[in-house]
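# Observations on the three-dimensional arrangement
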Amino acid sequence: MPSASSAVSDSGRPAPSSLWRDRDFRRLWVGQTASQLGEHTSLLVLPLFAVLMLDASAGQLGVLRAVGQAPILLLSLFAGAWVDSWRTRTVMVLTDAGRTLALGAAALGGLLGLLGLPALLVVAFTVGALSVFFDVAYQASLVRLVRRDQLVRGNSALEGSRSAAQIGGPALGGALVSLLSAPIAAASGALFFALSFLSIRRIRHRESIPERSEHPPRTGRRIHEGLRFVVGDTSLRTVCLASAAFQFCFAALMTVYLLFLPRELHLSGTEVGLALAATGPGALLGSVLAARLPDRFGYGVVLVSAAALGDGAFLCVPALHGSAAVTVPVLLAVGFVFGTGGQLVNVTVMAVRQTATPDRMQGRVAATITFVGMGMTPLGSLLGGFLAQEWGLRTSLLVTAAGMLLSPVVMALSPLARLGRSLPACAEGGRDRTPPFA
């Protein structure tokens, strides 16, 4: 499928030197950054609201996180089929507007004292559902906006903005909850989504999307095409399995972690926000390294080593005791290492996926991988709440941290680990391909 931009080469794609000079790319970058800030702020604000203001139990926190993550399991495949049939700009603008209204309503309800746990569950589900559509759309939008040889640079820029959101979002959310109130923190998330709406709606590039025939394929058939393509491709299939293992265990760990920090280590909301925000600077470094390391060491080596280093960092957290002066610096270091490794994996995996996928199926393939991987997060969150109640916080944290190492093991045992310094060309039919070696 052809793609174009406001600054294009003779081939119809942006010239390599014009990526940041392209106004539409900058608008996408600003909008995605603001959206990620709103998302990362709300991901901390809603659980902290439940824990600190509603005195939620471990089981209730697990349910809240699971409800917010359930749309990934319920809607990802549909979102992929839908995004492939619509302009991504339209999808992103509509979802930003919806999330602005949802968090704005939550902020108003909190200020009036009307936001209890049931209403919080509704808000979490609504924001989560709209985020599924936005995330699939922005991943597909880059492929429609830039040339394939610019994908790594474009992904590094977008993932770098996500890193900035990981720094600012949790820190801002935790500080606002501690210094002001949870409703004010929710309002800040709504403002970020509103900024994303204003930026993305200014994109002028007219995307090329598949023409709609008089008898378009049914949604179920389109979803099946995406599933079949992913299953038939060795690299994408491995990405799905590794993502599922990581996301399941990480969701369980984060449920325990959000209880462990305030209740076991007695950290304030601001300190919890700082601990979570520490992944941001690491992710910024990871974004920079992701544009360089695969060309030097090979994509497979970077994927496996970065995943093992980043995921393994959490193994030291259950041993922490003492005052915040001792524990917070260690948590910052853990978050930094995890952010660096995680971002290296994110950018590299996205380049593998986008290169292996034809343009007409970008949305469905992204959604399929999201469905298989992120779809495990509601179950992981419920498991984390159960383990925290039955086994205690320290034991549960150790078990879930060890479980995250399944992801690099899956990649190390697959052909994905042997990817070299260049990526295989797209196989339209989705047949197994032997990756090049370094």
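Bear in mind the structure is a predicted one, so any value in this text is a computation, not a measurement.

Each value, and the rule that gives it
- Residues numbered from 1 in each chain as written.
- Predicted model: local features only at pLDDT ≥ 70, side-chain atom pairs only at ≥ 80, totals over all residues.
- Heavy atoms only, no water.
- Helix = DSSP H or I, 4+ residues; strand = E, 2+ residues; numbered from the N terminus.
- Buried < 20%, exposed > 50% of the residue type's maximum accessible area, 1.4 Å probe, protein only.
- Areas by Shrake-Rupley, 256 points an atom, 1.4 Å probe, with all protein chains shown as cover.
- Patch = residues over 30% accessible without salt bridge, like charges linked within 9 Å, V, L, I, M, F, W, Y side chains within 5 Å.
- Salt bridge = Lys/Arg side-chain N within 4 Å of Asp/Glu carboxyl O.
- Core = buried A, V, L, I, M, F, W, Y, C linked by side-chain atoms within 4.5 Å.
- Contact = heavy atoms within 4.5 Å.
- Phe/Tyr/Trp six-rings, centres within 6.5 Å; stacked < 30°, edge-to-face > 60°.
- pLDDT = per-residue confidence, 0-100.
- Lys, Arg positive; Asp, Glu negative; His and termini not counted.
- Charge placed at Lys NZ, Arg CZ, Asp CG, Glu CD.
- Axes fitted to C-alpha atoms, helices over the stretch in contact; angles between N-to-C directions.
- Parallel < 35°, antiparallel > 145°, perpendicular 65-115°, else oblique.
- Left-handed = near helix turned anticlockwise from the far one by under 90°.
- Nonpolar A, V, L, I, M, F, W, Y, C, P; charged D, E, K, R; others polar.
- Expected span 1.5 Å × (residues − 1).

This part takes up the overall build of the chain. Across its full length, the chain holds 17 helices and zero strands. Every one of the 438 residues in the chain was classed for burial, and the buried ones make up 58%. A total accessible area of about 17,300 Å² is found for the chain, and carbon and sulfur atoms account for 66% of it.

The backbone of His 266 sits at a positive phi, close to 55°, despite the residue not being glycine. Position of His 266 relative to the elements: it lies in the loop between helix H8 (234-264) and helix H9 (269-277).

On the surface, Leu 108, Leu 111, Leu 112, Leu 114, Leu 179, Leu 180 and Ile 184 cluster together into a nonpolar patch covering about 780 Å² of accessible area. With respect to the helices, strands and loops of the structure, Leu 114 is situated in the loop between helix H3 (88-111) and helix H4 (117-145).

This part is about the nonpolar core. Generally speaking, a soluble globular protein has its nonpolar side chains buried in company with each other. Counting 54 residues, the largest nonpolar core has Leu 253, Tyr 257, Leu 261, Phe 314, Val 317 and Leu 331 as the members making the most contacts within it. Broken down by element, the residue count for this core peaks at eleven residues, all from H8. Apart from the residues lying within four places of it in its own chain, the contact partners of Leu 253 are Phe 314, Leu 397, Thr 400, Ala 401 and Met 404. If you look at the next biggest cluster of nonpolar residues, it comprises 25 residues, including Val 302, Val 304, Val 345 and Met 411.

Now for the packing of aromatic side chains. The description of an aromatic ring pair rests on the distance of the ring centres and on the angle between the ring planes. The final tally for this structure, using the stated rule, is five aromatic pairs. Ring plane angle 90° and centroid distance 5.5 Å describe the contact between Tyr 257 and Phe 314, whose orientation is recorded as edge-to-face. Here Tyr 257 is found in helix H8, whereas its partner Phe 314 is found in the loop between helix H12 (299-312) and helix H13 (324-356), with 57 residues between them in sequence. Between Phe 314 and Phe 338, the ring centres sit 5.1 Å apart and the planes meet at 70°, which makes this aromatic pair edge-to-face. Of this pair, Phe 314 sits in the loop between H12 and H13 while Phe 338 sits in helix H13, placing them 24 residues apart in sequence. One exposure class covers both Phe 314 and Phe 338, and it is buried. An aromatic cluster of at least three residues, connected via ring pairs, comprises Phe 246, Phe 250, Tyr 257, Phe 314 and Phe 338.

Time to look at the confidence of the model for the chain. Any residue range with low pLDDT should be treated as having predicted coordinates unsuitable for detailed reading. The share of residues in the chain with pLDDT of 70 or more is 82%, and the mean pLDDT across the chain is 78. Looking at the elements of the chain, mean pLDDT is at its lowest for helix H5 (residues 151-179), recorded as 68, and at its highest for helix H16 (residues 393-403), recorded as 92. The low-confidence segment residues 1-17 (pLDDT under 50) makes 51 contacts with residues lying over four places distant or belonging to another chain.

Right, let's get into a positive patch on the surface. Together, Arg 23, Arg 26, Arg 201, Arg 202 and Arg 204 line one region of the surface with positive charge. Among the secondary structure elements, Arg 26 is positioned in helix H1 (residues 23-53). Residue Arg 26 is classed as partly exposed on the basis of its relative accessible area, which comes to 34%.

Tracing the backbone through its elements, the reader meets Thr 255 in helix H8. Ignoring sequence-local partners within four residues, the contact set of Thr 255 consists of Leu 61, Gly 62, Arg 65, Ser 381, Gly 384 and Gly 385.

This next bit is on the packing of helix H2 (residues 58-83) against H8. Two numbers describe how H2 lies on H8: the axes approach to 10 Å, and their chain directions differ by 135°. In this view, H2 runs oblique relative to H8, as classed from their interaxial angle. Two packed elements cross with a definite hand, and for H2 against H8 that hand is right-handed. Residue-level contacts link Ala 58, Leu 61, Gly 62, Arg 65 and Gln 69 of H2 to Ala 251, Met 254, Thr 255, Leu 258, Leu 259 and Arg 263 of H8. When grouped by side-chain class, the residues that make up the contact of H2 with H8 number six nonpolar, three polar and two charged.

With that settled, the discussion passes to the side chain of Ser 196. Tracing the sequence through the fold places Ser 196 in helix H6 (residues 182-200). You can call Ser 196 buried: its relative accessible area is 0%. For Ser 196, the residues in contact, after removing those within four places along its chain, are Gly 31, Gln 32, Ala 34, Ser 35, Asp 96 and Phe 134.

Topologically, Leu 303 is positioned in helix H12. Residues Leu 303 and Arg 418, spaced 115 residues apart in sequence, show a C-alpha to C-alpha distance of 9.9 Å.

As a further point, take H6. The terminal C-alpha atoms of H6 lie 28 Å apart, and with 19 residues this matches the ideal 27 Å at 1.5 Å per residue to within 8%. By the burial criterion, the buried members of H6 are Ala 182, Pro 183, Ala 185, Ala 186, Ser 188, Gly 189, Ala 190, Phe 192, Phe 193, Ser 196, Ser 199 and Ile 200.

Let's shift gears to the pattern of salt bridges. Applying the stated criterion to the full structure yields three salt bridges. Of the charged contacts in the structure, one is a salt bridge between Glu 39 and Arg 99, with a shortest N-O distance of 4.0 Å. You can see Glu 39 sitting in helix H1 and its partner Arg 99 sitting in helix H3, a full 60 residues away along the chain. Of the charged contacts, one joins Arg 394 and Glu 264 as a salt bridge, the two residues approaching to 3.5 Å between their closest N and O atoms. Pair noted here: Arg 394 is in helix H16 and Glu 264 is in helix H8, with a separation of 130 residues, a long-range link. Under the relative-accessibility criterion, Glu 264 is labelled partly exposed at 33%. Linked through salt bridges whose partners overlap, the residues forming this network are Glu 39, Asp 96 and Arg 99.

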